[in-house]
Every structure is written in structure tokens, then in C-alpha cells.
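# Examining the three-dimensional arrangement
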Amino acid sequence: YVADYQEQYLITYVKPRTCPKCQCSVKELQNETPSARCFPQWTIQVMDDARSSSSNRTQYWEKTQAHELSGGVYHPFWKDLPYCDIHLSITPDVLHQLYQGILTHLLDWAIILLGLAELDKYICNLPPSYGTWHFKQGISSLSQVSGSERKDIARILLACLVGSMPKKAILAFRSLLDFIYLAQYPTHSEETLVYMKDALATFQKHKSIFITLNIRDHLNIPKFHSLLHYIQSIRLFGTTDNYNTEMFERLHIDFAKKGWR
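Let me sum up the structure you'll find in this document. (Residues numbered from 1 in each chain as written. Predicted model: local features only at pLDDT ≥ 70, side-chain atom pairs only at ≥ 80, totals over all residues. Heavy atoms only, no water.)

### Some points on helix α8 (residues 190–206)
Here α8 is 17 residues long and its end C-alpha atoms lie 25 Å apart, about the 24 Å a rise of 1.5 Å per residue gives. Among all positions of α8, only T192, L193, M196, A199, L200, F203, Q204 and H206 are buried. Buried residues belonging to α8 abut α7 (167–182), α9 (209–212), α10 (222–225) and α11 (230–237). (Helix = DSSP H or I, 4+ residues; strand = E, 2+ residues; numbered from the N terminus. Expected span 1.5 Å × (residues − 1). Buried < 20%, exposed > 50% of the residue type's maximum accessible area, 1.4 Å probe, protein only. Contact = heavy atoms within 4.5 Å.)

See below:
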């Protein structure tokens, strides 16, 4: 099931800001391992128990919310599909989770650490190089950052940070950027999946630096938690280009927006 995060929790009926694939609460998203996996039977059972023991909609909502479910639905559309595991079928999303999620956070944190003017100066002073976009005016002049521009920023970000922040922060930034590129490999083996696992472990080891530097109070961020499920999804469904929403966003422009005009 290819969808962005908002659609994922809507169709799995989990509470917003939790995980559509495991029973992880809002305050446990920064854990280094996923919680017990969600099963359709478990989700339906929680709904049925809450409905049978509630006399009104408010009680039903409270009892489902206590189990990290949304509480807005009585009968899921996939309830009568016995071979459909809606939680397992949720796939990673390179566009929204990695580039519009992880990279956006990294860029915001870099701006906090360096200041926008300083980061702009480093970006402007980078020499033009084949395969990279030269932001002559920096990135502060970008009114709305597109997906392709985020990819261009990802290619040069680390070079602008080295020597400007603590080593632990650099290692955390580098490991996440490594993960972003490893996750997009067009073919995978057990060896490359170990690379992804190692990159994520490096980030987990050094992520506390962002709390130490007062950039964040916590790291309970759904899109960071989603990284824990990438390797399993690649093993089950193949490489991420099979279910990246970027393709469908592009088709939305051609078939919906242009078609409507």
C-alpha cells in the first residue's frame, strides 16, 4: 500500500504520530528497536472490545486511544479481507519520509547550529562540481523547496558542516545521509542491508547530541522511527523504487492537475 504518512495512519486506524506498523506509543518512537508488530486481528479485536464495553462514542474513542488507535472508525474497510495484512503492507516512502522528513529535520538542525547566514556562506562558497547544483544565492532565497532541490541540498550538506560542529553531530548527520542513499539502491543483498543497519546504528549511537545541544527536547519523531522498518520492507517487497510515492506525485501532476485544466 503506497501512501504518505498521513494516509498510512488513516488507513491503519492508528493514532496520529504513532507507527502504522508496530504498537509503538508516541513517547517510544525514539527507541532503537521497534515494538511488537501490529496485526489486523489485534486492531479489530481492540475495536470490538471497545465497542462492546462502551455506551457512547466518547467512551469508545477513549478506549481505542488507550491502545494507540484513532478511535474514529468502527468497521475498517479491510476487516473482511482475510488475506490482507494492512499493517505489514505499509511500505517506506523515500519522498516524504527521507527527503521531506529526515532531510528537512537535518537542514533545520544545521541552521540552528550554524545560523542561516553562515550556512548560506558555506553553500555559496562551494566550488561548482559535476553532478551537484551550485546554489549561488544559498538556500535562504528558496521560497518553496521542491523534491529535486532537496536532493541537490543533500548532496552538498555534509561538505558544508565539516569542521563547524561537534564530531558526534557530524557522525549523526553523515549516518542519516548514508542511510538515505543506501535505502535508494536499485538492487540489494544481505551485505547492503547490513550497510543500512550499520548506518542506522551509528545514528542511534550519536543522536543524543541533538538533545545535548538543546536542538530537540526529544527524538520521538514518526519519520525517524519509520527507518526501523525499512530493511524488513525491502526483504518483503523489494527495493524502495518499487513503492516510492515520487512516481505517483509526478503522475498526479500529469493526469490530475493538467487533465483538470
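### Observations regarding the environment of S226
Mapped onto the secondary structure, S226 falls in the loop between α10 and α11. Given a relative accessible area of 10%, S226 falls into the buried group. As for S226 and W78, which are separated by 148 residues in sequence, their C-alpha atoms are 23 Å apart.

### Points about the side chain of T245
Tracing the chain through its elements places T245 in the loop between α11 and α12 (246–260). Classification of T245 by relative accessible area gives buried; the value is 7%. Looking at T245, its side chain comes within polar contact range of the side chain of D93, at 2.6 Å. Engagement of the side chain of T245 in a polar contact is seen with the side chain of H96, the distance being 3.0 Å. Setting aside anything within four residues of it in sequence, one finds T245 in contact with V2, A3, D4, D93, L95 and H96. (Polar contact = N/O pair within 3.5 Å; in protein donor to acceptor, adjacent residues only side chain to side chain.)

### Some words on unusual backbone geometry
Positive phi values are uncommon outside glycine, yet E68 reaches one of about 65°. With respect to the helices and strands, the residue E68 is situated in the loop between α3 (57–65) and α4 (94–114). Residue class for E68 comes out buried when judged on its relative accessible area of 18%. Of note in the backbone geometry, N214 takes a positive phi value of approximately 65° without being a glycine. Mapped onto the elements, N214 comes out in the loop between α9 and α10. Look at N214 and you get exposed, because its relative accessible area is 69%.

### Structural notes on the nonpolar core
Soluble globular proteins tend to pack their nonpolar side chains together in the buried interior. Formed by 48 residues in total, the largest nonpolar core has its most connected members in W109, L119, L161, F173 and M196. Elements supplying a minimum of two residues to this core: α4, α5 (116–125), α6 (147–161), α7, α8, α9 and α11. By residue number, the principal contributor to this core is α4, which donates 10 residues. Apart from the residues within four sequence positions on either side, L119 is in contact with L107, A110, I111, L114, I139, C160 and L161. Grouped together as the second largest cluster of nonpolar side chains are 15 residues, Y9, V14, M47 and A50 included. (Core = buried A, V, L, I, M, F, W, Y, C linked by side-chain atoms within 4.5 Å.)

### Here we look at the packing of α4 against α6
As a packed pair, α4 and α6 sit with axes 11 Å apart at the nearest point and diverge in direction by 35°. Crossing of α4 against α6: the hand is left-handed. Here Y99, Q100, L103, T104, L106, L107, A110 and L114 of α4 come into contact with α6, specifically with R150, K151, I153, A154, L157, C160 and L161. Grouping the amino acids of the contact of α4 with α6 by side-chain chemistry returns 11 nonpolar, two polar and two charged. (Axes fitted to C-alpha atoms, helices over the stretch in contact; angles between N-to-C directions. Left-handed = near helix turned anticlockwise from the far one by under 90°. Nonpolar A, V, L, I, M, F, W, Y, C, P; charged D, E, K, R; others polar.)

### Observations regarding α7
For α7, spanning 16 residues, the distance from its first C-alpha to its last is 22 Å, which sits close to the expected 22 Å at 1.5 Å a residue. Taken as a whole, α7 has its buried residues at A169, I170, L171, A172, F173, S175, L176, L177, F179, I180 and L182. Buried-residue contacts for α7 involve α4, α6, α8, α9, α10 and α11.

### Quick look at the pattern of salt bridges
When the charged atoms of two side chains with opposite charge come close together, those side chains can pair. This model, assessed by the stated rule, comprises 10 salt bridges. When the shortest N-O distance is used, the salt bridge between R37 and D85 registers 3.0 Å. Of the two residues, R37 is situated in the loop between α1 (5–12) and α2 (40–52) and D85 in the loop between α3 and α4; the sequence distance between them amounts to 48 residues. The closest approach of N and O atoms between D152 and R155, which form a salt bridge, is 2.7 Å. Here the residue D152 and the residue R155 both occupy positions in helix α6, the gap between them amounting to three residues, near one helical turn. On the basis of relative accessibility, which here comes to 17%, the residue D152 falls in the buried class. Shared partners join several salt bridges into a network, and the residues in it are D48, R51 and K79. (Salt bridge = Lys/Arg side-chain N within 4 Å of Asp/Glu carboxyl O.)

### Structural notes on the state of the cysteines
The final tally for this structure, using the stated rule, is zero disulfides. Between C24, a free cysteine, and C22, which holds the nearest cysteine sulfur, the sulfur-to-sulfur gap is 4.9 Å. C24 sits in the buried class, given a relative accessible area of 1%. (Disulfide = S-S within 2.5 Å.)

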